[in-house]
Amino acid sequence: MAGELADFEEFVHASLPGLLRYGHALTGNPHDAADLVQTVLEKIGARWTQVQRKTGDPLAYIRRSMANAHVSRWRRTRKESLVADVPDAGAVQPADPFEHEPLWQALRELPPRQRAVIVLRYYEGLSEVEIARTLGISQGTVKSQASKAIASLRTKITPVSDEAEGREAG
């Protein structure tokens, strides 16, 4: 048992920075990313030997678990919650350096599955086959989700029109 815990601890120590970056890209902020990583690692740590034995790549399994947990959390929380009292103004949060980056804003607006595909492809550098395996979807779904996401990102990031450039030049 102690050997299993040491093995899991070593794995977490080596993989944690990458998992936090992946979580940040999925959730859009570092606090939710840390919560997501912690939640998934808690569940996986309890059955680490089974995960190692049954999966060829525990890191891919954890990424898939993170993506699934994020989508599930998003589905649960997207419903509006009404409260009786308006909460007091909280402490000032430090500004996220990517808050006003157009690409980051556009990425946050993508549906969770499209965002996961884009993050895995362009941030983690996984192939379509690896993404399909990680998310538990078909390779065709990976392609279609990536295509839709890129089209959406283009419309949100591309300058308003070439006509505006022509008027400025003329």
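Up top is the structure.
Below is a short write-up of the structure. Just so you know, these numbers come straight off a predicted model, no measurement behind them.

## Points about helix α5 (residues 102–109)
- Buried within α5 are the following residues: Trp104, Ala106 and Leu107. Each buried residue of α5 sits inside an arc of 165 degrees when the element is viewed along its axis, so together they form one side.

## A word on the pattern of salt bridges
- Scanning the model with the defined rule gives two salt bridges in all.
- Glutamate 124 is the partner of arginine 63 in a salt bridge, and the nearest nitrogen-oxygen pair spans 2.8 Å. One end of the pair, arginine 63, is in helix α4 (residues 58–77); the other, glutamate 124, is in the loop between α6 (112–123) and α7 (128–135), with 61 residues separating them in the sequence.
- With a relative accessible area of 12%, arginine 63 lands in the buried category.
- By relative accessible area, which is 21% here, glutamate 124 ends up partly exposed.
- A salt bridge links lysine 156 to glutamate 109; the shortest N-O distance between them is 3.2 Å. Taken together, the residues span a long stretch of sequence, with lysine 156 in helix α8 (residues 139–157) and glutamate 109 in helix α5 at a distance of 47 residues.
- Using a relative accessible area of 37% as the deciding quantity, one classes lysine 156 as partly exposed.

## A word on the nonpolar core
- Counting 28 residues, the largest nonpolar core has Ile62, Met66 and Leu135 as its most contacted members.
- Elements with a minimum of two residues in this core: α1 (2–27), α2 (30–45), α3 (48–54), α4, α6, α7 and α8.
- When residues no more than four places from it in sequence are discounted, the contact partners of isoleucine 62 are Phe11, Leu19, Val40, Leu41, Ile44 and Trp48.
- Counting residues in each nonpolar core, the second largest holds seven residues, with Leu107, Leu110, Ala149 and Leu153 among its members.

## A few points about the layout of surface pockets
- In this model, the largest pocket occupies a volume close to 310 Å³.
- Mapped by element, the contributors of at least two residues to the lining of the largest pocket are α1, α5, α6 and α8.
- Top element by residues in the lining of the largest pocket is α6. It accounts for four residues.
- Across the lining of the largest pocket, the residue classes break down as 11 nonpolar, one polar and two charged.

## Quick look at the packing of α7 against α8
- α8 packs onto α7 with a crossing angle of 105 degrees between their chain directions and a minimal axis gap of 8 Å. The angle between α7 and α8 places the two elements in the roughly perpendicular class. Together, Glu128, Val129, Ile131 and Ala132 of α7 and Gln139, Val142 and Lys143 of α8 make up the contact between the two elements.
- A breakdown of the residues in the contact of α7 with α8 according to their chemical character gives four nonpolar, one polar and two charged.

Calculation criteria
Residues numbered from 1 in each chain as written. Predicted model: local features only at pLDDT ≥ 70, side-chain atom pairs only at ≥ 80, totals over all residues. Heavy atoms only, no water. Buried < 20%, exposed > 50% of the residue type's maximum accessible area, 1.4 Å probe, protein only. Helix = DSSP H or I, 4+ residues; strand = E, 2+ residues; numbered from the N terminus. Arc of directions from axis to C-beta. Salt bridge = Lys/Arg side-chain N within 4 Å of Asp/Glu carboxyl O. Core = buried A, V, L, I, M, F, W, Y, C linked by side-chain atoms within 4.5 Å. Contact = heavy atoms within 4.5 Å. 1 Å grid on protein atoms, 1.4 Å probe; cavity = no way out; pocket = protein on both sides within 12 Å on 5 of 7 lines; lining within 4 Å. Points joined across faces, edges and corners; volume = space filled by probe spheres on them. Nonpolar A, V, L, I, M, F, W, Y, C, P; charged D, E, K, R; others polar. Axes fitted to C-alpha atoms, helices over the stretch in contact; angles between N-to-C directions. Parallel < 35°, antiparallel > 145°, perpendicular 65-115°, else oblique.

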